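Reading the structure
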Amino acid sequence: QVQLVESGGGLVQAGGSLRLSCAASGSFFSINDMAWYRQAPGKQRELVAVITSGGSTNYVDSVKGRFTISRENAENTVNLQMNSLKPEDTAVYYCNADAKMRPWSVTFNYWGQGTQVTVSS
């Protein structure tokens, strides 16, 4: 099992910055892709950014140039630096990770509990 614990959410004014962090713990062999999703009220959950174990990244168009995803493999953490925040970035942000329990096992997907980000205008 893998536990993902997010931190760093909060309330910020438009134009401000926040940094989200997610730490993975538990008994696992490896963590592959790590990602941040978000879900605003009344909307579907959407992928915000993803980073592979090798460091390749991808972002949803609406955050490109403003958000940066990074990870520290040795500590099994993933971060999301969010700059130039807009009210439309308001959502619950979820950490997500693909992990293997053993070298030969299939990959399972895990979610954190979510952290609220609120951007006021």
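Reading guide: rules and limits
By convention here, each chain's residues receive numbers from 1 onward along its written sequence. Under the rules for a predicted model, residues below a pLDDT of 70 receive no local features and side-chain atom pairs below 80 are neither given nor counted, while totals for whole chains, interfaces and linings still include all residues. Working from all heavy atoms in the structure, the side-chain values ignore hydrogens and water. Only rings of Phe, Tyr and Trp enter the pairing, Trp through its six-membered ring, and a pair is recorded when the two centres are within 6.5 Å. The plane angle decides the type: under 30 degrees is stacked, over 60 is edge-to-face, the rest tilted. Under the DSSP-based scheme used, a helix requires at least four consecutive residues in state H or I and a strand at least two consecutive residues in state E, with every element numbered from the N terminus. Two thresholds decide whether a charge sits over a ring: the Lys NZ or Arg CZ must be within 6 Å of the ring centre and within 35 degrees of the ring normal. In this description, a nonpolar core means a group of buried Ala, Val, Leu, Ile, Met, Phe, Trp, Tyr and Cys residues linked to one another through side-chain atoms lying within 4.5 Å. Throughout this description, buried means an accessible area under 20% of the type-specific maximum (1.4 Å probe, protein chains only), exposed means over 50%, and partly exposed covers the range between. In this description, contact between two residues means that some pair of their heavy atoms is separated by no more than 4.5 Å.

**As for the packing of aromatic side chains**
Taken as a whole and judged by the stated rule, the model has 2 aromatic pairs. Between Tyr-94 and Trp-111 the ring centres are 6.3 Å apart and the planes differ by 85°, which places this aromatic pair in the edge-to-face class. Placement of the pair is Tyr-94 in strand 9 (residues 91-100) and Trp-111 in strand 10 (residues 107-111), with a sequence separation of 17 residues. Aromatic rings pair up to connect Tyr-37, Tyr-94 and Trp-111 into one cluster. In this structure, Arg-45 packs its charged tip against the face of Tyr-94, placed 3.7 Å from the ring centre.

**What to know about the nonpolar core**
Grouped together as the largest cluster of nonpolar side chains are 32 residues, with contacts concentrated most on Trp-36, Leu-80, Met-82 and Tyr-93. Of the residues forming this core, the biggest block, 5 residues, is contributed by strand 9.

**Comments concerning the environment of Val-48**
With respect to the helices and strands, Val-48 occurs in strand 5 (residues 46-51). Each C-alpha atom, one on Val-48 and one on Tyr-93, is 8.9 Å from the other, the two residues being 45 residues apart in sequence. Ignoring sequence-local partners within four residues, the contact set of Val-48 consists of Trp-36, Tyr-37, Arg-38, Asn-58, Tyr-59, Val-60, Val-63, Phe-67, Leu-80 and Tyr-93.

Interpretation note: all reported values are geometric properties and have no functional meaning in isolation.
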